[in-house]
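What the coordinates show
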Amino acid sequence: MTSRISCISGILLLMATSDAARADFSDGKLPDGTYHCEVYLLGAFLNLGDITIKGNVYTGPVTFGTALQGYNYQMNANGEITWLGPLGGYTTGGNSVSMTQATLDGETTPSFDIILKQPDGAFTASTCTKG
């Protein structure tokens, strides 16, 4: 009987832990802060600037200076982000954002991956990690 109670308690604890990890997506927001964006290209990490998140507003990416204006973003329960304004070099020169996926795994640092579609049809992925 005691082992059965321990087993049930363990399952309930595991379920509570799983819900806590997904709870970050349920409010539709990334944790506030500055996210440093990089891409791995030709054997080196290249700085693509910083994106600052505060509530449902983002600014950037900014490499030097400060962003001039903030824009809204939306995030669904699966962590897919839709940017509701321009996103620097990701959305200029014929580039477009194909998809952005957030990663909020409990104790790891929050991050998101931006999949960029280039004018020639090629795709490039960059990672933005909260500093």
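Quick summary incoming for the structure in this document. (Residues numbered from 1 in each chain as written. Predicted model: local features only at pLDDT ≥ 70, side-chain atom pairs only at ≥ 80, totals over all residues. Heavy atoms only, no water.)

In this section: the state of the cysteines. Applying the stated criterion across every chain, the model contains 1 disulfide. Disulfide pairing is shown between Cys37 and Cys128; the S-S distance is 2.0 Å. Linking Cys37 and Cys128, the disulfide has an S-S dihedral of approximately 110 degrees and is accordingly described as right-handed. Here Cys37, found in strand β1 (residues 33–41), pairs with Cys128, found in strand β8 (residues 123–130); they are 91 residues apart in sequence, far enough to count as distant. Here the two residues Cys37 and Cys128 agree in accessibility, since each one is buried. (Disulfide = S-S within 2.5 Å. Helix = DSSP H or I, 4+ residues; strand = E, 2+ residues; numbered from the N terminus. Buried < 20%, exposed > 50% of the residue type's maximum accessible area, 1.4 Å probe, protein only.)

Tracing the backbone shows Asp32 in the loop between α1 (2–26) and β1. Counting along the chain gives 24 residues from Asp32 to Asn56, while the straight-line C-alpha distance between them is 9.0 Å. Ignoring anything within four residues of it in the chain, the contact list for Asp32 reads Ile53, Lys54, Gly55 and Lys130. (Contact = heavy atoms within 4.5 Å.)

Next up on the list: the packing of aromatic side chains. Across all of its chains, the model carries 6 aromatic pairs by this definition. With 5.9 Å between their ring centres and 35 degrees between their planes, Tyr58 and Tyr71 make a pair best called tilted. You can see Tyr58 sitting in strand β3 (residues 57–62) and its partner Tyr71 sitting in strand β4 (residues 71–75), a full 13 residues away along the chain. Residue classification places Tyr71 among the partly exposed positions, given a relative accessible area of 25%. A connected cluster of aromatic rings, assembled from ring pairs, spans Tyr35, Tyr58, Tyr71, Tyr73, Trp83 and Phe112. (Phe/Tyr/Trp six-rings, centres within 6.5 Å; stacked < 30°, edge-to-face > 60°.)

This brings us to the sheet that holds strand β5 (residues 81–83). An order of β5-β4-β3-β2-β1-β8-β7-β6 is seen for the 8 strands of this open sheet, with the pairing classed as antiparallel. Looking at the sheet topology across the chains shown, the edges are occupied by β5 and β6 (96–103). Strand-to-strand twist of the sheet, defined as the mean angle between neighbouring strand axes without regard to direction, takes the value 30 degrees. Alignment of β1 against β8, held across 4 bridges, turns out to be antiparallel. By the bridge assignment for β8, His36 is matched with Thr129. (Pairing = 2+ DSSP bridges. Axes fitted to C-alpha atoms, helices over the stretch in contact; angles between N-to-C directions.)

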